[in-house]
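# Examining the three-dimensional arrangement
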Protein chains: 2
Amino acid sequence: MMNIQPQKDANHVCASLVPIFSQLEPKQLCQVSNLVQRRSYSQGEIIALSKDKAEHIYIIHKGQLRFFHESPDGKGQTLYYLRQGDFFTEPGGNHFRKFSPVKAVALEDTQLCLLHKSDLKRILQEQPDVGINILEAILLQLRQIETLVASLSLRNAEQRLAAWLYQRMTHSGTPVPQGIKITVPFSRAEIAELLGTTQETVSRRLSLIWLTSIAR
Amino acid sequence: MMNIQPQKDANHVCASLVPIFSQLEPKQLCQVSNLVQRRSYSQGEIIALSKDKAEHIYIIHKGQLRFFHESPDGKGQTLYYLRQGDFFTEPGGNHFRKFSPVKAVALEDTQLCLLHKSDLKRILQEQPDVGINILEAILLQLRQIETLVASLSLRNAEQRLAAWLYQRMTHSGTPVPQGIKITVPFSRAEIAELLGTTQETVSRRLSLIWLTSIAR
DNA sequence: CGAACATTTGACGGGCTTCAAAAGTCGTGG
DNA sequence: CCACGACTTTTGAAGCCCGTCAAATGTTCG
């Protein structure tokens, strides 16, 4: 808001943060940046993915979003957390009608860049690598959520919790003398909504895992 | 096997069946067709999605596949059924290691067309619409599987079954040029593996739904 | 018919949710 | 520094949905 730097510089930073545009040259990044709209959301704000948004790709320039489903009685199921540099979009046409509504909530103050799909098409023409990048990124999301399906269906709460801890250990654990340290920036309730269970069950199963592991 | 028609004609049919190539002109379709490899699978054959396949896009030229996860004790969870004209692929790099293995089984004798991602990149350059088509198609898969996650987590068996029946009722058969009828086999066991439950539960809940509905 | 398979129905047990209360954690202000 | 309230976490108890095992009934096809 206070930033009155030249438009081009600020925009340049925006697109360069985004992995899917990593193959673009500075000049191209600049072109992209001039195409995007910006939107800001404050912490806690709900971003309903709806009809008018199907025409854009949404890139997270700053902040963090949690995507989730909600049941009529208020229980939530987290699908993913997306951060700076990640992107998301909706299927075009009227396909969105087929599916139950996904919601997103801003966990911090968040800025999104909106790129119209018709503009994306032009970028694809100049730099097909961008298309491959987008494809690969969505495929990762797809595999991740497929794994969640299998997990919910084929494993009990303790197995899901153990698998989740293990995954966090391997991907973001730091080795310490006692073993491997994982910092879990999630409350019991948040873990529960990731794993499709309740806070009480997470608490109980976690205490069992304490017993069989060496240190907490 | 008996078909000894000129290569180009047969290939032409192949690519033209595929929605993601719908914007290509006949000449381009022909070019695409010359790039693809073919593979055949007989009914019941397992197509393990693995490392060496990450470099291709797989297009179903003929037949039907069921994608699923399997637990150590043999219970299965169906992710989707894919048919003629659908496509699938694996994330490149070493990302596949992060996820539990998805398997696919051929429900009929099936032919796949393999298109290398580097070739796809060239096609994208000439016809960026193809990129958009692929994006849209995967987004639909993503939303579909997200809905399954929510369903497994937030609904009980009866609600999942009812929702599935309703969905089949509203847009059951998708009419295809050739008049391919959806003969996806739906025994109680298969419904169970779609909805993440058991045959017995499907049978029981179904009989309850009979009572409250008008006719079977 | 009879065998192989699919579906229904019964009975039981266990994991999980739900409701509820106790114990722990944290920040604020007297 | 401690007390207090708000919140999170733990623990308890009860009940139910659903998975499992098993047997009976229905269906299909040679």
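You'll find the structure just up there.
The following refers to the structure shown. Just so we're clear, the structure is a prediction, and the values are computed from it rather than from any experiment.

## What about the protein's contact with DNA strand C?
Within the structure, DNA strand C sits among 14 residues, and Ala157, Thr197 and Thr201 of chain A together with Arg188 and Ser203 of chain B are positioned closest to it. Backbone atoms, meaning sugar and phosphate, make up 55% of the atoms of DNA strand C lying within 4 Å of the protein. Here a base nitrogen of DNA strand C and a side-chain polar atom of Arg204 of chain B are 3.0 Å apart. Those elements giving two or more residues to the surface near DNA strand C turn out to be helix H7 (199-212) of chain A together with helix H7 (199-212) of chain B. By residue number, the principal contributor to the surface near DNA strand C is H7 of chain A, which donates four residues. Looking at the surface near DNA strand C, its residues break down into one nonpolar, seven polar and six charged.

## With respect to the packing of aromatic side chains
Residue and element names in this part refer to chain A. Per the stated rule, a full pass over the model turns up 10 aromatic pairs over all chains. Both rings, one in Phe67 and one in Tyr80, keep their centres 6.3 Å apart while their planes meet at 65°; by these two values the pair is edge-to-face. One end of the pair, Phe67, is in strand S4 (residues 64-70); the other, Tyr80, is in strand S5 (residues 76-83), and 13 residues separate them in sequence. The burial state of Phe67 is the same as that of Tyr80; both residues are buried. Consider the rings of Tyr81 and Phe186, whose centres lie 5.3 Å apart with planes at 40°: the pair is tilted. Placement of Tyr81 in strand S5 and of Phe186 in the loop between strand S10 (179-181) and helix H6 (188-195) is noted, with a sequence separation of 105 residues between them. Take Phe186: its relative accessible area is 17%, and that puts it in the buried class. Across the ring face of Phe68, the terminal group of Arg66 is positioned such that the distance to the ring centre comes to 4.3 Å.

## Let's talk about the interface of chain A and chain B
Taken together, the contact between chain A and chain B spans 49 residues of the former and 49 residues of the latter. Summed over both partners, the interface of chain A with chain B comes to about 4,400 Å²; 73% of that surface belongs to carbon and sulfur atoms. Taken together, the links from chain A to chain B amount to six salt bridges. One salt bridge in this structure joins Glu136 of chain A and Lys117 of chain B, with 2.7 Å as the shortest N-O distance. Contributions of two or more residues to the side of chain A that touches chain B are made by S4, S5, helix H3 (117-126) and helix H4 (128-154) of chain A. Of all the elements, H4 of chain A adds the most residues to the side of chain A that touches chain B, at 23 residues. For the side of chain A that touches chain B, the class distribution of residues is 23 nonpolar, 16 polar and 10 charged.

## Section: empty space enclosed by the protein
Going through the model one piece at a time under the given rule, you end up with four cavities of 30 Å³ or more. Size it by volume and the largest cavity reaches roughly 140 Å³. Along its surface, the largest cavity is lined by 14 residues, and Gly131, Ile134 and Leu135 of chain A together with Gly131 and Leu135 of chain B are the ones closest to its centre. Broken down by secondary-structure element, the contributors of at least two residues to the lining of the largest cavity are H3 and H4 of chain A together with helix H3 (117-126) and helix H4 (128-154) of chain B. Residue classes in the lining of the largest cavity are distributed as 12 nonpolar, two polar and no charged. There is about 110 Å³ of room inside the second largest cavity. Along its surface, the second largest cavity is lined by 15 residues, and Leu142 and Arg143 of chain A together with Phe88, Thr89 and Gln141 of chain B are the ones closest to its centre. Within the residue set of the lining of the second largest cavity, elements represented by two or more residues are H4 of chain A together with strand S5 (76-83), strand S6 (87-89) and H4 of chain B. Taken together, the residues of the lining of the second largest cavity sort by class into 11 nonpolar, two polar and two charged.

## Observations concerning the relation of the copies chain A and chain B
Rotating chain A by 180° and moving it 0.0 Å along the rotation axis overlays it on chain B with an RMSD of 0.0 Å. The superposition of one copy onto the other is thereby described by a two-fold rotation axis. Among all residues of chain A, the minimum C-alpha distance to the rotation axis is found for Gln125 of chain A, at 2.3 Å. Both copies present the same face, since 100% of the interface residues in chain A are matched by interface residues at the equivalent positions in chain B.

Procedures and definitions
- Position numbers for residues start from 1 in each chain and track the written sequence from start to end.
- Note on labels: chains are lettered from A, ligands numbered from 1, in written order.
- Two thresholds apply to this predicted model, a pLDDT of at least 70 for residue-level local features and 80 or more for giving and counting side-chain atom pairs, whereas whole-chain, interface and lining totals are computed over all residues.
- Side-chain descriptors were evaluated using all non-hydrogen atoms of the structure, hydrogens and water having been removed beforehand.
- Near is defined per residue: the residue qualifies when any heavy atom it owns lies within 4 Å of the molecule or strand.
- Here a polar contact is taken to be a pair of N or O atoms separated by no more than 3.5 Å, where protein atoms must pair a possible hydrogen donor with a possible acceptor and residues adjacent in sequence count only if both atoms sit in side chains.
- Secondary structure follows DSSP: runs of H or I at least 4 residues long count as helices, runs of E at least 2 residues long count as strands, and numbering of each begins at the N terminus.
- Residue polarity follows a fixed list, in which Ala, Val, Leu, Ile, Met, Phe, Trp, Tyr, Cys and Pro are nonpolar, Asp, Glu, Lys and Arg are charged, and the others, Gly among them, are polar.
- By convention, a stacked pair of Phe, Tyr or Trp rings (six-membered ring in the case of Trp) has centres within 6.5 Å and planes under 30 degrees apart, an edge-to-face pair has planes over 60 apart, and any other such pair is tilted.
- Partly exposed describes any residue whose relative accessible area lies between the buried limit of under 20% and the exposed limit of over 50%, with all areas from a 1.4 Å probe on protein chains only and scaled to the type maximum.
- By the criterion adopted, a ring carries a charge over it if an Arg CZ or a Lys NZ lies within 6 Å of its centre and within 35 degrees of its normal.
- Only heavy atoms enter the contact rule, under which two residues are in contact if any of them lie within 4.5 Å.
- For any pair of parts, buried area is found by adding up, for both, the accessible area (1.4 Å probe) each one loses once the two are put together.
- Put simply, a salt bridge is a Lys or Arg side-chain nitrogen that is within 4 Å of an Asp or Glu carboxyl oxygen.
- The pocket and cavity definitions rest on a 1 Å grid over protein atoms only: a 1.4 Å probe that fits but cannot leave marks a cavity, an open set with protein on both sides within 12 Å along at least five of seven lines marks a pocket, and residues lining either have an atom within 4 Å of a point.
- Grid points are joined across faces, edges and corners, and a volume is the space filled by probe spheres set on the points.
- A residue counts toward the fit only if its pLDDT is at least 70 in both copies, and the copies are then superposed by least squares on the C-alpha atoms of those residues.

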